[in-house]
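# Residue-level structural notes
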Amino acid sequence: MIRFPPLTVPSFFHPIIEAWVIWLTTTFISIPAAFFYMFVDAPSALVRCLLASEPKCIVITGASSGIGTSLALAYAKPGVTIGLLGRDESLKKVAEAVNSRWTSAEILVCDVADTDKLAQTLKEFDDRHNIDLLFANAGQLGYTIDTDKEWEDQWDRIIDVNFVGAVATAMTGFKLMEKRKNRRGGQIAITSSISGYFFMPQTAYYNATKAALISFGRDLRYIGRQHNIKVTVITPGTIDTRMTTDPHQPVSLPSWLLTKPETLAQIIKRRLSYNPATIAYPFSEHLVSWVTQSLPTALLDNVTWLVGKVSSSFSQTGSRGFS
Ligand SMILES: NC(=O)c1ccc[n+]([C@@H]2O[C@H](COP(=O)([O-])OP(=O)(O)OC[C@H]3O[C@@H](n4cnc5c(N)ncnc54)[C@H](OP(=O)(O)O)[C@@H]3O)[C@@H](O)[C@H]2O)c1
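Quick caveat, the model's predicted, so the values are computed rather than measured. (Residues numbered from 1 in each chain as written. Predicted model: local features only at pLDDT ≥ 70, side-chain atom pairs only at ≥ 80, totals over all residues.)

### A closer look at the overall build of the chain
A count of helical and extended segments in the chain gives ten helices and seven strands. Taken against the 2.2 N^0.38 rule, which gives 20 Å for 323 residues, the C-alpha radius of gyration of the chain at 21 Å falls within 12% of a compact globule. For the chain, the C-alpha atoms occupy an extent of roughly 70 × 50 × 50 Å along the three principal directions. Burial analysis of the chain (323 residues in total) assigns 35% to the buried set. The long-range fraction of contacts in the chain, counting pairs at least 24 apart against all pairs at least 6 apart in sequence, stands at 67%. (Helix = DSSP H or I, 4+ residues; strand = E, 2+ residues; numbered from the N terminus. Rg over C-alpha atoms; globule rule 2.2 N^0.38 Å. Buried ≥ 20, exposed ≤ 12 C-beta atoms within 10 Å, placed from the backbone. Contact = placed C-beta atoms within 7 Å.)

Rendered as structure tokens:
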């Protein structure tokens, strides 16, 4: 029998072909589609926004600081119950601030990495109140290579909280909403990050978990449609929280460069009301990230190197672990 050699393109041509494919896709598919959606999405979002009912019971993981606290305050108003989930009693201060707005706040002490306890905590809360909106928001940032720690310890912590914890939160909520007899459904918002598209390479574990959440949330949204459960992935840019201002964190940017968490929380609240697939804010940062991510791989490699070098100088601890 005659065996033909496999049809292959010499690897020398791969970057050229890749660049051509990206150019053709962008020019003839992505840009025309973007224009189309601009005119279709805006009016339909307005209609959905007008028809939407406000959630009466909300749970927020990682509510003790930053974006989680701002979300709790953004939703705080009379008649609303908010479950504030976090690891310790520092939630008390947030609960007091929420309660002062005539809202009923309940403290749920739980580590999201402890998935059994998390499931039990959410179920007990749902039995009492019926969760309408669930934020899988808790997360941690860290260097990929930290000279003080073994890589497994670092990876375990980041994946257990950012990925396993977020998926466990979303899926526990999903199951509780799905089982409701009245088919009322519910809404789940998963906090990923702009780093799921492109970010500084020193935080590779973090970036990988956030990229995984974008993919997970997109697919869960599809599954949720059959059960009247809305799923949205939130990808914040650089926000002025402990994660970006604490000098021990890999990113330490000047505050004036960062978006206030209160602003982000208001944007999230407004946009969630019309059930978008993603909430990407601030837009300018995402534009840079999306363009960078779609570069041909050879060029992206050089951009990653450059971003790594530049971002080291922004970090107060320098390029720790990379010397
Ligand atoms: N800040 C940014 O620029 C930015 C950008 C993109 C995405 N994000 C994402 O936004 C989310 C919120 O972050 P943030 O900016 O608000 O930072 P933050 O102020 O550090 O808040 C993180 C929250 O997560 C909680 N948390 C951490 N590990 C936990 C665990 N194992 N179990 C339960 N709660 C835990 C923290 O509670 P403790 O007080 O117990 O530590 C804290 O309440 C994260 O998922 C983060 O990845 C942030």
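Having seen it, we continue.
### Topic: the site of the ligand
Among the 30 residues in the neighbourhood of the ligand, the closest are listed as Gly62, Gly66, Gly139, Ser193 and Thr241. Breaking the shell around the ligand down by element, the ones donating at least two residues are helix 2 (66-75), helix 5 (151-178) and helix 7 (242-245). A breakdown of the residues in the shell around the ligand according to their chemical character gives nine nonpolar, 17 polar and four charged. (Near = placed C-beta within 6 Å. Nonpolar A, V, L, I, M, F, W, Y, C, P; charged D, E, K, R; others polar.)

### A closer look at the packing of helix 2 against helix 3 (residues 91-99)
Each packed pair of helices is defined by two parameters, the angle between the axes and the distance between the axes. Closest axis-to-axis distance for the helix 2/helix 3 pair is 9 Å, and the angle between their directions is 20°. Regarding the angle of helix 2 to helix 3, the classification is roughly parallel. Considering how the two elements wind past one another, helix 2 and helix 3 form a crossing that is right-handed. Taken together, the residues of helix 3 that come into contact with helix 2 (itself represented by Thr69, Ala72 and Leu73) are Val94, Ala97 and Val98. (Axes fitted to C-alpha atoms, helices over the stretch in contact; angles between N-to-C directions. Parallel < 35°, antiparallel > 145°, perpendicular 65-115°, else oblique. Left-handed = near helix turned anticlockwise from the far one by under 90°.)

### As for the packing of helix 4 (residues 115-129) against helix 5
At a closest axis distance of 10 Å, the pairing of helix 4 and helix 5 adopts a crossing angle of 35°. With respect to the hand of their crossing, helix 4 and helix 5 are arranged in right-handed fashion. Of the residues in helix 5, those touching helix 4 at Thr115, Leu118, Ala119, Leu122, Lys123 and Asp126 are Val164, Ala168, Thr169, Thr172, Gly173 and Leu176. Residues of the contact of helix 4 with helix 5, tallied by class, amount to six nonpolar, four polar and two charged.

### Side note on the UniProt feature "transmembrane region" (unreviewed entry) in the chain
Mapped onto this numbering, the UniProt entry gives "transmembrane region" (unreviewed entry) at residues 20-40. Along residues 20-40 the backbone is 100% helical and 0% strand, and the end-to-end C-alpha distance reaches 29 Å. (UniProt positions renumbered as here; feature names shortened; annotations may be inferred.)

### Observations concerning the environment of Thr144
Residue placement: Thr144 occurs in the loop between strand 4 (133-136) and helix 5. Distance in space between the C-alpha atoms of Thr144 and Gly173 is 30 Å, their sequence separation being 29 residues. The contact partners of Thr144, leaving out residues within four places of it in the chain, are Gln154, Gln202, Thr203, Ala204 and Tyr205.

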